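# Descriptive structure summary
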Amino acid sequence: MAKKPKDTNTSQAAAGKGGSEEQKRPGRFKQLGMVAKVVHKQSPKSIPIAVGIFLGLVALSVVGGLVTGGGWLYWLSLGIPIAFLAGFIFFTRSAQKIQYKMLDGQLGAGMAVLDNMRGDWSTEPGVAATRQMDVVHRVVGRPGVVLVGEGDPSRLRKIVAAEKKRVSRVAYEMPIYDVMVGNGEGQVPISDLQKHMMKLPRNLDKAKVAELRYRLKALPSAVQMPKGPMPKGVKMPKGPKPQTR
């Protein structure tokens, strides 16, 4: 009796899917190595300083054990985790500063920060835009509605005001804030955007936030395209899909 041939297409598709997932998601150590390369390139002193912090605290723990007579091995067992944590915190903060420096001034930098915020936040990218690529993102969270603008402040004021009026039709008396990302007067630097958002007052509870999101679904989801031809070689930014945090 002849054997039934295997479905090579199915097996190849499964193998290809598994292989692509492995390629798309590198391991943590590989990710850490990639970050370390970027940090070393942008700030060569950061990694040696982090290592110095680790070694210095380890040495202090040994000296403390010898001076107090409490046993240097016991002190070392406590000192190594603390030293590693201190060095790692310095390294991660250095990496974060470099990341913000690289994002500063780039189109969509604010969206990249908003999309990585922790907590009960949801972001709708690019709800309004101008022909010159000024964009407004709509964020919903415990403070209420926050309209975050990226681009020229003079052009953003008009579309932010229009979006605020549009949101108020369904948000009723819910709080609406506006934030301009940038380094000018009255703007929030990209490095302080997340901190600024977290400092906004918590006006709504979880039930009110859910109700606000439900109301905003009644608004058209399409970006209001500006009139006139688009500049050559420029495309509208494509932000990630809204995510509830």
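The structure under discussion appears in the preceding block.
Residues numbered from 1 in each chain as written. Predicted model: local features only at pLDDT ≥ 70, side-chain atom pairs only at ≥ 80, totals over all residues. Heavy atoms only, no water.

To continue, consider the environment of Lys217. Here Lys217 shows up in the segment after helix H8 (206-216). Taking the relative accessible area as the measure of exposure, Lys217 reaches 68% and is therefore exposed. (Helix = DSSP H or I, 4+ residues; strand = E, 2+ residues; numbered from the N terminus. Buried < 20%, exposed > 50% of the residue type's maximum accessible area, 1.4 Å probe, protein only.)

Looking now at the pattern of salt bridges. Enumeration according to the criterion identifies 6 salt bridges in this entry. Residue Asp134 pairs with Arg155 through a salt bridge whose shortest N-O separation is 2.5 Å. Taken together, the positions of Asp134 in the loop between strand E1 (122-129) and strand E2 (135-141) and Arg155 in helix H6 (residues 153-171) put the pair 21 residues apart, joining distant regions of the chain. A salt bridge links Arg166 to Glu163; the shortest N-O distance between them is 3.1 Å. With Arg166 and Glu163 both in helix H6, this residue pair falls 3 residues apart, about one helical turn. On the basis of relative accessibility, which here comes to 2%, the residue Glu163 falls in the buried class. Among the ionic contacts, a cluster of salt bridges with common partners joins Arg138, Glu163 and Arg166. (Salt bridge = Lys/Arg side-chain N within 4 Å of Asp/Glu carboxyl O.)

This paragraph deals with the nonpolar core. Counting 19 residues, the largest nonpolar core has Val136, Val145, Val167, Leu212 and Leu216 as its most contacted members. If you tally residues by element for this core, the top one is H6, at 6 residues. For Leu212, the residues in contact, after removing those within four places along its chain, are Val140, Gly144, Val145, Ala171, Met174 and Leu204. One finds Ala109, Leu114, Trp121 and Val179 within the second-largest nonpolar core, a separate group that totals 16 residues. (Core = buried A, V, L, I, M, F, W, Y, C linked by side-chain atoms within 4.5 Å. Contact = heavy atoms within 4.5 Å.)

In space, the 4 strands of this open sheet follow the order E1-E2-E3-E4, with mixed pairing throughout. Looking at strand neighbours, the two that pair on one side only are E1 and strand E4 (176-181), the edges of this open sheet. When strand polarity is set aside, the average angle formed by the axes of neighbouring strands in this sheet is 25 degrees. Pairing geometry for E1 and E2, over 5 bridges, is antiparallel. Across the sheet, residue Ala129 finds its bridge partner in E2, namely Val135. On top of the sheet, H6 reaches E1, E2, strand E3 (144-150) and E4; it is set at about 155 degrees to E4, its chief contact. Set on the sheet, H8 makes contact with E1, E2 and E3; between it and E2 the angle comes to about 140 degrees. (Pairing = 2+ DSSP bridges. Axes fitted to C-alpha atoms, helices over the stretch in contact; angles between N-to-C directions.)

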